[in-house]
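Residue-level structure breakdown
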Amino acid sequence: VVGSKIEHNRFSGFEIQPTARLWWMPRPHQAAWVAVSRAVRAPSAADQDLSYNALAQPVGGGLTGLVRLIGGSDLRSERLRAYEAGYRVQPLPSVSLDAAAFYNSYTDLRDYAWGTPFAEAVPTPAHFVLPAYAHNRSHATSWGLELAANWQPVPWWKLAGTYSGLALRIQRSGDPWYGALILGENPSHQAGLRSQADLWHTVQLDAAAYYVGALSVLRIPAYTRVDARLAWQALPPLELSVAGANLLDPRHTEYP
């Protein structure tokens, strides 16, 4: 399969995003595939017109300094080249396994570089502004693995498991603090296990457990979430259910 998306926007003009995919079935219950794609993220009005006070901190002499993120009118589209490969097999009628690997190359990523500080009297009180201007100077690579398994041991019970691993490297950034923030916003490991059981013809019990790795730079620890749902199909048009989410703890932080 070969195709392309062609778009035009007023910020970066024409953008061409092609993809090529190959699917091969060596046997009836096995399949392998590879894909190469190109994608872009075009700048927006928010990127160009941004003026955002991200942080306030004392700078001495009783004055406050504001870290201000400022957009740019010459921003280019962020670009991605994605390489993917996968394999799927069904060794038994009740079992299926999937594995996929990917490698992504990013160029012209948006970052911020410090400018010359300046004083500002409005709004009061007087303060210093530490400007950080948007540029397209970062490059990055990411790679990872995704696994999935489905098993139906008996006709009324299904189990599904998933795992994803992600590694990300910033090769060049306008300022180290911004690259470190990007690295800290993505968990390296995620996993899940889901059970679906038809206890009777009209009663279903679903349960799921999810693990999400830590966001180190943002100081958010890893957590495990368990959800459950019991449903009763009282009448064809009426279902009654009770569900519980985050059953292991009363609260946890997922993002600041």
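Presented here is a report on the structure given in the accompanying data block. In this text, all values refer to a predicted model and were calculated from it rather than measured experimentally.

With that out of the way, let us pick up the overall build of the chain. If you tally the helices and strands in the chain, you get two helices and 14 strands. Relative to the compact-globule value of 18 Å for 256 residues, the chain shows a C-alpha radius of gyration of 25 Å, a clear excess of over 25%. Principal-axis analysis of the C-alpha atoms places the extent of the chain at approximately 70 × 50 × 35 Å. Counting over 256 residues, the chain shows a buried share of 27%. Within the chain, residue pairs in contact and separated by at least 24 positions form 53% of the contacts whose partners lie at least 6 positions apart. In the chain, the 21 positive side-chain charges and the 20 negative ones have mean positions that sit 4 Å from each other.

In terms of strand pairing, strand 3 (residues 30-41) meets strand 6 (residues 78-92) through twelve bridges, oriented antiparallel. Bridged to Arg41 within strand 6 is Glu78. Alignment of strand 6 against strand 7 (residues 95-114), held across twelve bridges, turns out to be antiparallel. Bridged to Arg81 within strand 7 is Ser105. The antiparallel hairpin formed by strand 6 and strand 7 contains two residues in its connecting segment.

Between Val122 and Pro123 the backbone carries a cis peptide bond, its omega angle lying at 0 degrees. Inspection of the secondary structure assignment puts Pro123 in the loop between strand 8 (118-120) and strand 9 (127-154). A cis geometry characterises the amide bond from Thr124 onward to Pro125, with omega recorded as -5 degrees. Mapped onto the secondary structure, Pro125 falls in the loop between strand 8 and strand 9.

With that out of the way, let us pick up the pairing of strand 7. Here 17 bridges tie strand 7 to strand 9, and the two strands are oriented antiparallel to one another. Bridge pairing links Tyr106 to Ala140 in strand 9.

On inspection of all chains with the given rule, the structure shows two aromatic pairs. Ring geometry for Tyr83 versus Tyr103: centroids 6.5 Å apart, planes at 40 degrees, classification tilted. Taken together, the residues span a long stretch of sequence, with Tyr83 in strand 6 and Tyr103 in strand 7 at a distance of 20 residues. Classification of Tyr83 as partly exposed rests on a relative accessible area of 36%. For the ring pair Trp156 and Trp157, a centre distance of 6.3 Å and an interplane angle of 20 degrees mean the geometry is stacked. For Trp156, a relative accessible area of 44% translates into the label partly exposed. Look at Trp157 and you get partly exposed, because its relative accessible area is 29%.

What counts and what doesn't
Residues numbered from 1 in each chain as written. Predicted model: local features only at pLDDT ≥ 70, side-chain atom pairs only at ≥ 80, totals over all residues. Heavy atoms only, no water. Helix = DSSP H or I, 4+ residues; strand = E, 2+ residues; numbered from the N terminus. Rg over C-alpha atoms; globule rule 2.2 N^0.38 Å. Buried < 20%, exposed > 50% of the residue type's maximum accessible area, 1.4 Å probe, protein only. Contact = heavy atoms within 4.5 Å. Lys, Arg positive; Asp, Glu negative; His and termini not counted. Charge placed at Lys NZ, Arg CZ, Asp CG, Glu CD. Pairing = 2+ DSSP bridges. Phe/Tyr/Trp six-rings, centres within 6.5 Å; stacked < 30°, edge-to-face > 60°.

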